[in-house]
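Residue strings, one per chain:
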Amino acid sequence: MVVPSRGRNKESPPLKPGQQQHQSPGASPGSGRGRPSHSPGRQVPGGARAMRKGGGGGGRRGARSDPQRPGREGPAAEGERDALGRGPLRLLRVARDRLGVFVDDRKAFIIKADSKIWLTFLLAAFAGVLHWCHITTLFENDRHFSHLSSLEREMAFRTEMGLYYSYFKIIIEAPSFWNGVWAIMNDKITEYPLVINTLQRFNLYPEVVLASWYRIYTAFMDFLGVPTKTCWTVNRGKGLSPVESCEGLGDPASFYVAVIFLLNGLMMSLFFIYGTYLSGSRLGGLVTVMCFFFNHGECTRVMWTPPLRESFSYPFLVLQMLLLTYILRIPNINTGSLIALCVSNIFFMLPWQFAQFVLLTQIASLFAVSIMGYIDSCKLQKILSAHMVSLVVCFILMFGNSMLLTSYYAASLVVIWGILELSPKLLKSRRREVHLWVIEGCAWVFGTVTLKYLTSLAFGIADDAHIGNILKSKFIGYKDFDTLMYTCAAEFDFMEKETPVRYTKTLLLPVVLVVFGVIIKRTIKYLMWALSQAGQCEREERFNHGELVYHALQLLAYSVLAILIMRLKLFLTPHLCVMASLVCSKQLFGWLFCKIQPKTLVFAILALMAIEGSANLQTQWNIMGEFSNLPQEELLEWIKVNTRQDAVFAGAMPTMASVKLSTLRPIVNHPHYEDAGLRARTKVVYSMYSRKPAKEVKRELIKLGVNYYILEESLCVSRKKPGCSMPEIWDVEDPANSGKIPLCTLMSQDSRPYFITVFENSNYRVLKIPKE
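Now for a look at the structure at hand. (Residues numbered from 1 in each chain as written. Predicted model: local features only at pLDDT ≥ 70, side-chain atom pairs only at ≥ 80, totals over all residues. Heavy atoms only, no water.)

1. As for the overall build of the protein
The helix and strand tally for the protein stands at 33 helices and 8 strands. Within the span of the protein, comprising 772 residues, buried residues form 52% of the whole. Contacts spanning at least 24 positions in sequence make up 75% of the contacts within the protein whose residues lie at least 6 apart. (Helix = DSSP H or I, 4+ residues; strand = E, 2+ residues; numbered from the N terminus. Buried < 20%, exposed > 50% of the residue type's maximum accessible area, 1.4 Å probe, protein only. Contact = heavy atoms within 4.5 Å.)

2. Comments concerning the sheet that holds strand β7 (residues 756–760)
Taking strand neighbours across the sheet as the criterion, the 4 strands line up as β5-β6-β8-β7 in an open arrangement whose pairing is mixed. The sheet is open, and its two borders are formed by β5 (649–651) and β7, each paired with just one other strand. On average, each strand axis in the sheet is tilted by 30° relative to the strand beside it, whichever way the strands run. Bridge analysis of β5 against strand β6 (residues 708–712) gives 3 bridges, and the strand direction is parallel. Note that in β6 the partner of A650 across the bridge is Y709. Relative to β5, helix α28 (residues 653–663) is tilted by about 150°, and along the sheet it contacts β5, β6 and β8 (764–768). (Pairing = 2+ DSSP bridges. Axes fitted to C-alpha atoms, helices over the stretch in contact; angles between N-to-C directions.)

3. Digging into helix α16 (residues 408–426)
When the terminal C-alpha atoms of α16 are compared, their 25 Å separation across 19 residues agrees well with the 27 Å that a helix rising 1.5 Å per residue should span. A bend of about 30° at L420 is the largest found in α16, and the proline P424 appears one to four places after it. Taken together, the buried positions of α16 are occupied by Y409, A410, A411, S412, L413, V415, I416, I419, L420 and S423. Looking at the buried side of α16, the elements it contacts are α12 (335–349), α13 (355–371), α14 (377–397), α15 (402–405) and α17 (434–459). (Expected span 1.5 Å × (residues − 1). Bend = angle between axes of the 7 residues up to and from the residue.)

4. With respect to the nonpolar core
Grouped together as the largest cluster of nonpolar side chains are 204 residues, with contacts concentrated most on Y686, M688 and Y709. Looking at this core element by element, the count peaks at 14 residues for helix α8 (residues 252–279). In contact with Y686, other than residues within four places in its own chain, are F481, M485, G651, A652, M653, P654, N669, Y709, M726 and W730. (Core = buried A, V, L, I, M, F, W, Y, C linked by side-chain atoms within 4.5 Å.)

5. Brief notes about empty space enclosed by the protein
Counted by the stated rule, this structure contains 4 cavities of 30 Å³ or more. There is about 130 Å³ of room inside the largest cavity. For the largest cavity, the full set of lining residues is N264, M267, C299, T300, E310, S311, Y314, W352, R567, L568, L570 and F571. Element by element, the count of residues in the lining of the largest cavity is highest for helix α11 (residues 309–329), at 3 residues. Partitioning the lining of the largest cavity into residue classes produces 7 nonpolar, 3 polar and 2 charged. (1 Å grid on protein atoms, 1.4 Å probe; cavity = no way out; pocket = protein on both sides within 12 Å on 5 of 7 lines; lining within 4 Å. Points joined across faces, edges and corners; volume = space filled by probe spheres on them. Nonpolar A, V, L, I, M, F, W, Y, C, P; charged D, E, K, R; others polar.)

6. Considering helix α18 (residues 465–476)
Taking 1.5 Å of rise per residue, 12 residues should cover 16 Å, and α18 covers 16 Å from first to last C-alpha, within 8% of that figure. Listed in full, the buried residues belonging to α18 are H466, N469, I470, S473 and K474. Within α18, the buried residues cover an arc of 145° as seen down the axis, which keeps them to one side. Exposed residues lying more than 90 degrees from the buried face of α18 are F475 and I476. Considering only its buried residues, α18 is in contact with α19 (481–487), α23 (546–564) and α29 (676–685). Where α18 terminates, the next one or two residues include G477, which has phi positive at roughly 70°. (Arc of directions from axis to C-beta.)

7. What about the packing of α11 against α12?
Contact pair α11 / α12: the axes reach a minimum separation of 8 Å and the direction vectors enclose 160°. By the criterion of interaxial angle, the relationship of α11 to α12 is roughly antiparallel. Here α11 and α12 pass one another in a crossing that is left-handed. Side by side, α11 and α12 meet where S313, F316, L317, L319, Q320, L323, L324, Y326 and I327 of the first sit next to S337, A340, L341, S344, N345, F347 and F348 of the second. (Parallel < 35°, antiparallel > 145°, perpendicular 65-115°, else oblique. Left-handed = near helix turned anticlockwise from the far one by under 90°.)

8. Considering the pairing of β7
Pairing of β7 with β8 involves 4 bridges; the strand directions are antiparallel. Within β8, the residue paired with I756 across the bridge is K768.

9. Notes on the state of the cysteines
Tallying each qualifying case throughout the model produces 3 disulfides. The partner cysteine of C231 in its disulfide is C246, sulfur to sulfur 2.0 Å. Here C231 and C246 share a disulfide; its torsion about the S-S bond, 100°, makes the bridge right-handed. Here C246 lies in strand β4 (residues 243–247) and C231 lies in strand β3 (residues 230–235), a separation of 15 residues in the sequence. Here C716 connects covalently by a disulfide to C744, the sulfurs 1.8 Å from one another. In this structure, the disulfide formed by C716 and C744 twists by about 65° around the S-S bond and is classed as right-handed. Placement of C716 in helix α31 (residues 713–717) and of C744 in helix α33 (residues 743–749) is noted, with a sequence separation of 28 residues between them. Under the relative-accessibility criterion, C716 is labelled buried at 8%. A relative accessible area of 1% places C744 in the buried class. (Disulfide = S-S within 2.5 Å.)

10. Quick notes on the side chain of E160
Topologically, E160 is positioned in helix α4 (residues 159–173). In this structure E160 is buried but unpaired, with R567 as the nearest side chain of opposite charge at 4.6 Å. The residues touching E160, leaving out its near neighbours within four places in the chain, are L308 and P671. (Lys, Arg positive; Asp, Glu negative; His and termini not counted. Salt bridge = Lys/Arg side-chain N within 4 Å of Asp/Glu carboxyl O.)

11. Observations regarding the pairing of β8
For β8, the buried fraction is high: 4 of the 5 residues fall into the buried class. The turn joining β7 and β8, which pair antiparallel and follow one another in sequence, is formed by 3 residues.

12. Focus on the packing of α4 against helix α5 (residues 177–185)
The N-to-C vectors of α4 and α5 enclose an angle of 140°; their axes lie 7 Å apart at closest approach. For the element pair α4 / α5, the angle class is oblique. Of the two possible hands of crossing, α4 and α5 adopt the one that is right-handed. Contact residues: α4 offers Y167, I170 and I171, while α5 offers F177, G180, V181, A183 and I184.

13. A look at the environment of A183
Positionally, A183 belongs in helix α5. It is 7.8 Å that separates the C-alpha atoms of A183 and I171, two residues lying 12 residues apart in sequence.

14. Details of unusual backbone geometry
In this chain, Y192 is followed by P193 through a cis amide linkage whose omega measures 5°. Along the chain, P193 falls in the loop between α5 and α6 (198–201). Look at the link from R752 to P753: it is a cis peptide, with omega at 10°. Structurally, P753 is set in the loop between α33 and β7.

On their own, these measurements won't tell you what the molecule is for.
Set out below in structure tokens:
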């Protein structure tokens, strides 16, 4: 049987005697594939598909009251009062009747409340399914992943994505789960010749969990005798050899991305609940979800890069902020809420090394809210205790990862706790005053920076020094090799000017600015009243919604991060969508809802948003591509056949991740750039693109134990922006050799006598390093 596909044909494999052919559910024999081999760019300025009907059904009107029961005035009431004195039986009968009425009233209320809750959860589930379908479709359209071979799927996970996936592959291919975990905890091939604990270094708990699920799933299905995948022979055309392509959850790569997309579908359900709870209306949840879809390209990149750490981590930040909003609203915190907050913190921090910086902005915003008097110090200390416990748990689970204890986040937690303890004793003024706020704020900044410096000095940690250098480059133009390696990448540049324009076209920015302005106006009025001589009782009647003030401050923090580093707009845009839900808030716009129905206002706004939002959706749906990287495929196949299993490779970071994943050869550098030692190694490896003498570069590579160097001519000549080609970056680091011909250019012409060219194609040249 031949199955037409986009440029490829799938032929069913020959059946063995007595074997039946199985086809996995959802396999599409007619899904064609006749498109060019190139894939369009990933910078999609749009959102995602608009849901056509607002399923948020919950209007602003309160629940209808029950039908009134017959009144008790008049003769009947007199008779009842007389009956009270006629004996105990009558008294019991009357008490029973009244108890029945009370129970009926409460039962009716509970049924109505439950129906509203279940409707909210049902709509949230619907939003989650929509988002899951959307990102799954975009990913398949872009890569045609279902028709790729195992090698092509691995190559599709470029740069650090391939590095992370390689550990999932190691665990599932090990003789047992625990053998696999031991292998990644005693890894000998990622930073040859070092033996490292990758669980400590690379935030790999998602891969450990997914690998355990995959092994359980396949073992259980094998026990039941149910096939988990269907394999086909794919004819790729263009004179290329056929490859085997497997569909179904039994395929490791398909299982891996399927779980990621399910998690991010669940995230959309959380966004609906979040918007509903924050605004007090299901219309708010609808606005949040629709804004997310309309600005989908600015909100997430999970559909293009599933294995990145944010794909696992960010959904738990949404849950954590929802729990935090609940804690800020309730007068008394219960233990269960703190435990839930602590657990969500752990699940957010464990998968992603950057989570600590986000949580730093959160506790800074909470501290500001506390200083202004919106939450008392006791509640803030309980929240801080949950953060501290989660930080310690992550430190233990990460096998003593010192970057956690020496982070600005850890220092800030300790400093804020100290300020809350000492402030009442040192600053004895009972009435809140502006100069006291300034003193406490300055104490937090100075204390955090000082404590962070001292702890880093005490532990001898310099792994996160590049973070400070990146910030310095933003403000004072600081440059060095490591900083330029970051800032020359588009995602670490300043936010592009088109981003606010895209926000404005979908009306997301104007709506949020209105909401933000109302919150700030109400907050200023409250603070002016709080700073006056008014009584406490009168103060409490003013605007006293600390959770709204927190969200406004968090928005400011995310805005600063996104402006400085474009990649971090993935925090800003979803938070803008959550803030947009407050257009349905009675606390902010109750005066307006007296004049206009909330549903009318919301659907009018959504209709205007849909004009640009639907165009953004269509732009995403029009992306049709097919992954193909024949030069790299040739390189990897050559390595498998022509090099020893213990041959050591060096080269560009993205290529090294693919070499490790697909060939299991030792490498000396990789894309996880957050370690000081690894940055030093990468600098040595990238000296091939400098203007240094070949003899000097060879000597340093031999010290690392490198046998083969993979040279990419594109890195030698490509220039994303002025000053960002590799030779220009090296001119900043090595001005003494500036003006000479780059070594990579010389190696492309003739690699002798210091190196020997053993493989060459259109993109790659493999240089063997002879021993001296």
